[in-house]
Amino acid sequence: MKAIRVFVRSFKEAFKSVFRNFSLSAASVACTTITLILVSIAILVSYNIKNVTEKLENELTIVVYLEREATKDQAENLKKTIENIPNVEKVTYKSKDEWKFEMQNYSSTLNSTLSYLKENPLLDSYAVKVKDAKYLRKTADTIKEQEIVRSAEYGEGTVDKLVSVFDLIKRVTVVIVIALVLVTAFLINNTIKIAIFSRRSEIEIMRFVGSSNYAIKLPFVFEGLFLGIIGSIIPIIVTIYGYLIAYSKLNGHIFSRMIELVKPFSFVLYVSLILVTIGAVVGFFSSYRAVRKYLKV
Amino acid sequence: MKFISLKNCYKVYPNGVTALADINLEIQKGEFVFIIGPTGCGKSTLMKLLYREEKPTKGNVIVGGINVEKLRNRKVYKLRRKLGIIFQNFRLLPKQTVYENVAFPLSSNGIKDTEIRPKVLKALELVGLKDKIKSFPDQLSGGEQQRVCIARAIVNEPKLLLCDEPTGNLDPDVSKEIMGVIDSINKKLGTTIVMVTHDDQIVNRMKKRVITMDNGVVTSDVMKGKYKKHESN
Ligand SMILES: Nc1ncnc2c1ncn2[C@@H]1O[C@H](COP(=O)(O)OP(=O)(O)OP(=O)(O)O)[C@@H](O)[C@H]1O
Ligand SMILES: [Mg+2]
């Protein structure tokens with residue numbers, strides 16, 4: 001019971017202190033806010049990118065067309081060879097008749113054209129699914145070198161570039177976010193240091209009247225925690241409203257139907273939870289550090 | 001029954017100053033003891049050993065059954081809760097009322113408000129400040145502020161009250177008042193009192209045990225009533 005009352009008291013003291021050192025608290029909170037907004041953007045963007053690339057990668061297949069004169073044995077051998085390439089996950093055969101059937105269903109013009117021809121002009125093919133999209137080109141090139149392969153194609157260029165641009169964006173945001181988190185930690189650390197300094201006479205009295213270390217230190221740790229949590233309020237609002245508005249303005253996708261955005265709910269709520277957690281953790285640890293360093297009891 | 005015991009205590013500060021050399025003392029429960037001596041002779045250092053602000057370089061300090069020199073930093077508060085400390089400068093919280101200042105040792109340690117109130121009122125009554133409960137420290141005279149400090153020091157009902165020149169900042173009449181308060185705490189509550197002072201008048205008038213120090217050693221220890229008169233230096 002006593003411990004709980006000390007806890008509650010520390011909580012109140014910390015809250016008062018946030019407002020007592022208002023300008024400093026404001027600076028820490030502002031920095032936390034900016035950091036967390038960027039963290040939020042980074043999460044929103046990179047999660048969307050991850051979502052898209054995963055989808056793209058899933059749909060990424062190399063279509064291998066066989067020479068017309070290829071025999072059944074040759075085709076079988078080729079399949080085995082392709083399957084033995086390390087990056088290949090799955091090889092599916094699609095005959096020219098299947099292609100023809102599919103195309104005829106696709107549009108009536110194609111249907112009439114194909115029906116008009118006596119011989120099927122299409123080729124037998126393999127659809128090759130890869131494990132890692134990064135090595136798509138290499139894998140395609142290896143396949144091209146095989147005999148009886150007429151061509152091995154994939155959405156060359158665009159997909160490649162998209163994947164590498166996404167990768168770059170991810171890396172840059174990670175670096176910026178880490179730098180900002182460090183700056184925030186430093187600012188909160190500094191705020192707590194000054195709070196400790198401005199209340200040193202109170203701390204001294206507490207020591208003389210027999211307050212436990214827990215009772216002396218806890219208010220300052222809470223103060224850092226509060227600064228972090230207060231700093232996450234605006235980012236959370238920005239995240240929820242910003243993403244909802246962006247999502248509805250863009251009708252849920254960018255560029256084309258290919259790049260679909262992640263649905264807002266419960267995505268924004270998870271992101272908000274991450275933001276408040278980051279704020280609290282950074283606030284807690286930076287004030288804990290300051291207390292350990294500057295509050296010797 | 002002895003309450004304080006120092007055996008072969010030395011204190012050498014990191015800068016090489018030997019503040020205490022081979023101190024041996026025993027103080028009984030309920031005793032009232034003055035510690036006097038010229039400036040820099042080690043009086044405050046001796047007090048600091050008693051409330052574990054400093055550790056003896058060598059020797060053994062026992063206060064109220066606690067082996068002080070073995071007490072770890074984290075546990076010092078256990079000793080401090082058993083004693084009250086008063087200094088020359090008052091060290092009150094300026095933004096808190098008299099009541100809040102006196103309640104501070106209890107409220108900061110999570111004691112229930114309903115338990116705090118009677119204790120605070122009792123302490124304030126003892127020092128004669130019951131009518132100033134709602135005042136702030138800067139609205140009080142020096143003597144009144146020191147009385148608030150005394151109330152704060154005894155609100156925990158400690159067995160020992162350590163006073164390091166409590167009247168150092170006060171004029172003679174007010175000092176007399178404060179001494180009256182401390183004496184009544186000793187008599188009414190049976191609190192052991194150890195008091196450092198420079199004020200010969202107080203020592204001569206009160207007729208208590210007097211320990212005289214010089215240059216880090218005890219030069220005389222005169223029991224209650226035997227102390228005649230301090231030759232002014
Ligand atoms: N923290 C410290 N570090 C180093 N030396 C100290 C420290 N505190 C006190 N001293 C030295 O130890 C000696 C005793 O100091 P102390 O404060 O105990 O004297 P005192 O008897 O209380 O003097 P005064 O009557 O002036 O208060 C002095 O020489 C002083 O300079
Ligand atoms: Mg002194």
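Residues numbered from 1 in each chain as written. Chains lettered and ligands numbered in written order. Predicted model: local features only at pLDDT ≥ 70, side-chain atom pairs only at ≥ 80, totals over all residues. Heavy atoms only, no water.

1. Observations regarding unusual backbone geometry
In this structure, A:Ser266 follows A:Phe265 across a cis peptide bond, with omega equal to 5 degrees. Among the structural elements, A:Ser266 can be located in helix α11 (residues 264–294). Positive phi values are uncommon outside glycine, yet B:Arg52 reaches one of about 60 degrees. For B:Arg52, the location among the structural elements is in the loop between α1 (43–50) and β4 (58–63). We classify B:Arg52 as buried; its relative accessible area is 6%. The phi torsion at B:Asn215 lies on the positive side, around 50 degrees, for a residue other than glycine. The topology assignment puts B:Asn215 in the loop between β9 (209–214) and β10 (217–222). Look at B:Asn215 and you get exposed, because its relative accessible area is 64%. (Helix = DSSP H or I, 4+ residues; strand = E, 2+ residues; numbered from the N terminus. Buried < 20%, exposed > 50% of the residue type's maximum accessible area, 1.4 Å probe, protein only.)

2. A few points about the sheet that holds strand β5 (residues 66–67) of chain B
One key point about sheets: their strands pair by backbone hydrogen bonds, in either a parallel or an antiparallel sense. All names here are of chain B. Spatial strand order, β2-β1-β4-β5: 4 strands in an open sheet with antiparallel pairing. Each edge of the open sheet is held by one strand with a lone partner, namely β2 (18–28) and β5. Note: β4 against β5, 2 bridges, orientation antiparallel. Of the residues in β5, the one forming a bridge with Ile 62 is Asn 67. Where α1 meets the sheet, it contacts β1 (2–12), β2 and β4, and its direction lies at approximately 120 degrees from that of β1. (Pairing = 2+ DSSP bridges. Contact = heavy atoms within 4.5 Å. Axes fitted to C-alpha atoms, helices over the stretch in contact; angles between N-to-C directions.)

3. Notes on the domain arrangement of chain A
The assigned domain composition of chain A is domain 1 (2–56 + 163–294) and domain 2 (61–153). Placing a centre on the C-alpha atoms of domain 1 of chain A and another on those of domain 2 of chain A gives a separation of 52 Å. (Domains from an automatic or database assignment.)

4. Focus on the site of ligand 1
Residue and element names in this part refer to chain B. The local shell around ligand 1 holds 13 residues, among which Thr 39, Gly 40, Lys 43, Ser 44 and Thr 45 are the closest. Within the side chain of Thr 39, one N or O atom sits 2.4 Å away from an oxygen atom of ligand 1. At a separation of 2.7 Å, an oxygen atom of ligand 1 approaches a polar side-chain atom of Lys 43. Look at ligand 1: alone it shows 640 Å² of surface, and the protein chains cover 66% of it. (Near = heavy atom within 4 Å. Polar contact = N/O pair within 3.5 Å; in protein donor to acceptor, adjacent residues only side chain to side chain. Areas by Shrake-Rupley, 256 points an atom, 1.4 Å probe, with all protein chains shown as cover.)

5. Here's the deal with the environment of A:Phe166
Residues and elements named next belong to chain A. Locating Phe 166 in the fold gives a position in helix α7 (residues 158–198). Taking the C-alpha atoms as reference points, Phe 166 and Ser 46, 120 residues apart in sequence, are found 7.9 Å from one another. Filtering out sequence-adjacent residues up to four positions away, Phe 166 remains in contact with Ile 49, Val 52 and Thr 53.

6. A short note on the nonpolar core
Residues and elements named next belong to chain B. In terms of nonpolar packing, the biggest core is built from 42 residues, with Phe 34, Val 102 and Ile 182 touching the most fellow members. Of all the secondary-structure elements, those providing two or more residues to this core are β3 (32–36), α3 (98–107), α4 (113–126), α5 (142–154), β7 (160–164), α6 (172–189), β8 (192–196) and α7 (200–206). Residue-level mapping places this core at the junction of two domains, with at least three residues from each of domain 1 (1–82 + 161–225) and domain 2 (89–157). Sequence-distant contacts of Ile 182, defined by excluding residues within four places in its chain, comprise Phe 32, Ile 150, Cys 163, Pro 166, Ile 193 and Met 195. Leu 6, Cys 9, Ile 23 and Leu 50 belong to the second-largest nonpolar core, a separate cluster that totals 33 residues. (Core = buried A, V, L, I, M, F, W, Y, C linked by side-chain atoms within 4.5 Å.)

7. Digging into the interface of chain B and chain A
Counting residues at the interface gives 22 residues for chain B, matched by 17 residues for chain A. Buried area between chain B and chain A, both sides added, is near 1,800 Å², and the carbon and sulfur share of it is 56%. Between the two partners, chain B and chain A, sit 2 salt bridges. The residue B:Glu53 makes a salt bridge to A:Arg207 at a minimum N-O spacing of 3.4 Å. In this assembly, chain B and chain A are joined by 7 residue pairs in polar contact (both at pLDDT 80 or more). Within the residue set of the side of chain B that touches chain A, elements represented by two or more residues are α2 (76–80) and α3 of chain B. By residue number, the principal contributor to the side of chain B that touches chain A is α3(B), which donates 3 residues. (Buried area = accessible area lost by both parts, 1.4 Å probe. Salt bridge = Lys/Arg side-chain N within 4 Å of Asp/Glu carboxyl O.)

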